[in-house]
Amino acid sequence: KEFLNAAMAGSVLVAVADGNVSSEEKQKMIRFIKANKALQVFDSKKVIETFNQYLDVVEFDMDAGRAECFDALAKLKGKEDQARLVVRMVVAIGESDGDFDQDERRVVEEISKEMNVTFQ
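Bear in mind the structure is a predicted one, so any value in this text is a computation, not a measurement.

Asker: Hey, could you run me through the environment of Val 91 in this one?
Answerer: Position of Val 91 relative to the elements: it lies in helix H5 (residues 80–95). Measuring from C-alpha to C-alpha, the distance between Val 91 and Ile 33 comes to 13 Å, with 58 residues separating the pair along the chain. Contacts of Val 91, omitting those with residues within four sequence positions, involve Phe 100, Val 108 and Phe 119.

Encoded structure:
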């Protein structure tokens, strides 16, 4: 559950970084989960539900939402394999619309720092 929460929290942070949560970003997240053996254990319905819970908080209050997302990400600190998988996932989401812009990169750097893994 910690991993799912962190993955969805990170996904939301990257998706909202450019001010628009696109359908491409949501679809990339689902495809990434379905394609990755470690993530296939999660039911798509639960993944979407968790993503939407974080998105609702962020959209209601950006500061409180970001804090909640980073709290979820911090729980993967010291779990390097899981943290790296989250970083790969959020990068894929950031790139999904064809423009991995500066705001999305900055958020991925913040996510990486929160989980104590490097992003280049």
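Asker: Can you help me understand the nonpolar core in this one?
Answerer: Within soluble globular proteins, side chains that are nonpolar tend to cluster in buried spots. Among the nonpolar cores identified, the biggest contains 43 residues, and Met 8, Met 29, Met 89 and Ile 111 are the most heavily contacted of them. Mapped by element, the contributors of at least two residues to this core are helix H1 (2–17), helix H2 (23–35), helix H3 (44–60), helix H4 (62–74), H5 and helix H6 (102–115). Considering each element in turn, this core owes the most residues, twelve residues, to H1. Excluding its chain neighbours within four sequence positions, the residues that come into contact with Met 29 are Met 8, Ser 11, Val 47, Phe 51, Met 89 and Ile 93.

Rules and cut-offs
Residues numbered from 1 in each chain as written. Predicted model: local features only at pLDDT ≥ 70, side-chain atom pairs only at ≥ 80, totals over all residues. Heavy atoms only, no water. Helix = DSSP H or I, 4+ residues; strand = E, 2+ residues; numbered from the N terminus. Contact = heavy atoms within 4.5 Å. Core = buried A, V, L, I, M, F, W, Y, C linked by side-chain atoms within 4.5 Å. Buried < 20%, exposed > 50% of the residue type's maximum accessible area, 1.4 Å probe, protein only.

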